[in-house]
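Single-letter residue listing:
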Amino acid sequence: PHTPMKLNDKNELVSKPEDEWDEEDFRKLTIDNKALNILLVSLDKTEYNLFRRCTSAHEVCKLLILTHEGTEQVKNAKLALLNRDYELFKMQP
């Protein structure tokens, strides 16, 4: 599961050991687990198999965006094709 993070003495973001978790950390994990479950049960069987290894709601959201919209390069390519089609558009007789 997605673990709470903290800054170490070198100002690096690291996973917080479970014995240091506070009430707020547990609350956030509970909310994330609920959101993760809602997202996973809303997927069809095919998509569920792609997303079931995700450990946080944020991870599912990022993967959904990447899967359905593509990378920035893919989005730009789609936009270029749509622009080209628009510029070449002609009225049919």
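What counts, and where the lines are drawn
Residues numbered from 1 in each chain as written. Predicted model: local features only at pLDDT ≥ 70, side-chain atom pairs only at ≥ 80, totals over all residues. Heavy atoms only, no water. Helix = DSSP H or I, 4+ residues; strand = E, 2+ residues; numbered from the N terminus. Polar contact = N/O pair within 3.5 Å; in protein donor to acceptor, adjacent residues only side chain to side chain. Expected span 1.5 Å × (residues − 1). Contact = heavy atoms within 4.5 Å.

### Remarks on the side chain of aspartate 32
For step 1, the next point in the chain: Within the secondary structure, aspartate 32 is located in helix α1 (residues 23–41).
For step 2, the next point in the chain: Reaching out from aspartate 32, the side chain makes a polar contact with the backbone nitrogen of alanine 57 at a distance of 3.1 Å.

### Section: α1
For step 1, the next point in the chain: Here α1 is 19 residues long and its end C-alpha atoms lie 27 Å apart, about the 27 Å a rise of 1.5 Å per residue gives.
For step 2, the next point in the chain: The inward-facing, buried residues of α1 contact α2 (45–51) and α3 (57–69).
For step 3, the next point in the chain: Regarding α1, its N-cap is aspartate 22, as a side-chain oxygen of that residue lies 3.2 Å from the backbone nitrogen of glutamate 24 further along.

### A closer look at the environment of phenylalanine 26
For step 1, the next point in the chain: Mapped onto the elements, phenylalanine 26 comes out in helix α1.
For step 2, the next point in the chain: Considered as a pair, phenylalanine 26 and glutamate 69 are 43 residues apart in the sequence and their alpha carbons are 33 Å apart.

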